[in-house]
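# A look at the structure
Okay, here's what each chain looks like letter by letter:
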Amino acid sequence: MVKFELINISKSFVKNDNKCKNETLILNDISLKINSGTFVSILGPSGCGKSTLLSIMAGFIPPSKGEIKFNDIPVIEPKPSRVVIFQDYGLFDWKTVQGNVEFGLKAKNIPKLKRKEIAQYYIDLVHLKGSENKYPHELSGGMKQRAAIARAIAIEPECLLMDEPFGALDSQTRNILQDEILEIWKKTQNTIVLVTHDEDEAVFLSDRIIVLSNSPANVIIDEDINLERPRFTEIRLRKDFIEKKNNLWQSLRK
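Residues numbered from 1 in each chain as written. Predicted model: local features only at pLDDT ≥ 70, side-chain atom pairs only at ≥ 80, totals over all residues. Heavy atoms only, no water.

Mapped onto the elements, serine 41 comes out in strand β3 (residues 39–43). Exposure remark for serine 41: the relative accessible area of 0% places this residue in the buried category. Side chain to side chain, serine 41 and serine 206 meet in a polar contact 2.6 Å long. Non-local contacts of serine 41, meaning those with residues more than four positions away in its chain, are made with Leu194, Thr196, Ala202, Ser206, Arg208, Ile209 and Ile210. (Helix = DSSP H or I, 4+ residues; strand = E, 2+ residues; numbered from the N terminus. Buried < 20%, exposed > 50% of the residue type's maximum accessible area, 1.4 Å probe, protein only. Polar contact = N/O pair within 3.5 Å; in protein donor to acceptor, adjacent residues only side chain to side chain. Contact = heavy atoms within 4.5 Å.)

Next comes the structure, spelled out in structure tokens:
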């Protein structure tokens, strides 16, 4: 089943400078289909429009041209079925881990005892048991991202849109969270679209990788990653993994 369909998507931003209207084309005629339950990564040079494309998919901003559909319904605004996880966590500083994870559940009018139970399940799932009553300033970067992931998946969205969620983390924590997001994906069967600048991360996590060109961006590579699952850290040492990663790096370098 097709989850997302992007049809000839283009996006321009207009800037008024000294009474002159300057229009900059960021995305140029992008068409994609993303199937339900798949893990897709979007790669591309810095500033090429990856995050802009994700924002269009989330419904935060409209395309300048083209159409985007989710479950065959036009995307015109954000919906709880499509949740975004950002690099900067987006946690509420004045709420505990429990309070942050319960936030979306409260918005759905789930009764207090039930939402506490649901939140606890997802806190356990991201390995934050025992940290329920801590505030964001008391958490490490990895713990903050776990809390952000728990908050996102607690409302049971159909799709997770992830905008470089591990980019600010050290390599060890990053690798641990990559393993954990695969475990979560296996249990929830969400569709995941990940924006990343890291070829290793994209190959390790994904079923499919889409590479964008320099801005104005279009699709220059759309490749299935035919590596068996489950994937473990050791796969990074294999020849076929290294070849895929190097080929992506060469494409981005060009």
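Now for the nonpolar core. Formed by 50 residues in total, the largest nonpolar core has its most connected members in Phe39, Ile149, Leu160, Met162, Ile181 and Ile209. Tallying contributions element by element places helix α4 (residues 141–154) first for this core, with eight residues. Judged by nonpolar contacts, the second largest core, of 27 residues, contains Ile9, Leu32, Ala58 and Ala217. (Core = buried A, V, L, I, M, F, W, Y, C linked by side-chain atoms within 4.5 Å.)

The subject of this paragraph is helix α5 (residues 171–188). For α5, with 18 residues, the first-to-last C-alpha span of 25 Å sits near the 26 Å given by 1.5 Å per residue. Of all the positions in α5, only Thr173, Arg174, Leu177, Gln178, Glu180, Ile181, Leu182, Ile184 and Trp185 are classed as buried. On the buried face of α5, the contacting elements are β3, α3 (112–125), α4, β7 (159–163), β8 (191–195) and α6 (199–205). At the C-terminal side of α5, glutamine 189 shows a positive phi close to 60°. (Expected span 1.5 Å × (residues − 1).)

All right, on to the layout of surface pockets then. If you roll a probe as big as a water molecule over the atoms, it shows you where there is empty space left. In this structure, the largest pocket encloses a volume near 430 Å³. Val83, Val84, Arg151, Ala152 and Ile155 are, among the 20 residues lining the largest pocket, the residues nearest its centre. Among the secondary structure elements, those contributing two or more residues to the lining of the largest pocket are β6 (82–86), α2 (97–107) and α4. Class assignment for the residues of the lining of the largest pocket results in 15 nonpolar, one polar and four charged. For the second largest pocket, the calculated volume is near 230 Å³. Lining of the second largest pocket is provided by Asp179, Leu182, Glu183, Trp185, Lys186, Arg229, Pro230, Arg231 and Phe232. (1 Å grid on protein atoms, 1.4 Å probe; cavity = no way out; pocket = protein on both sides within 12 Å on 5 of 7 lines; lining within 4 Å. Points joined across faces, edges and corners; volume = space filled by probe spheres on them. Nonpolar A, V, L, I, M, F, W, Y, C, P; charged D, E, K, R; others polar.)

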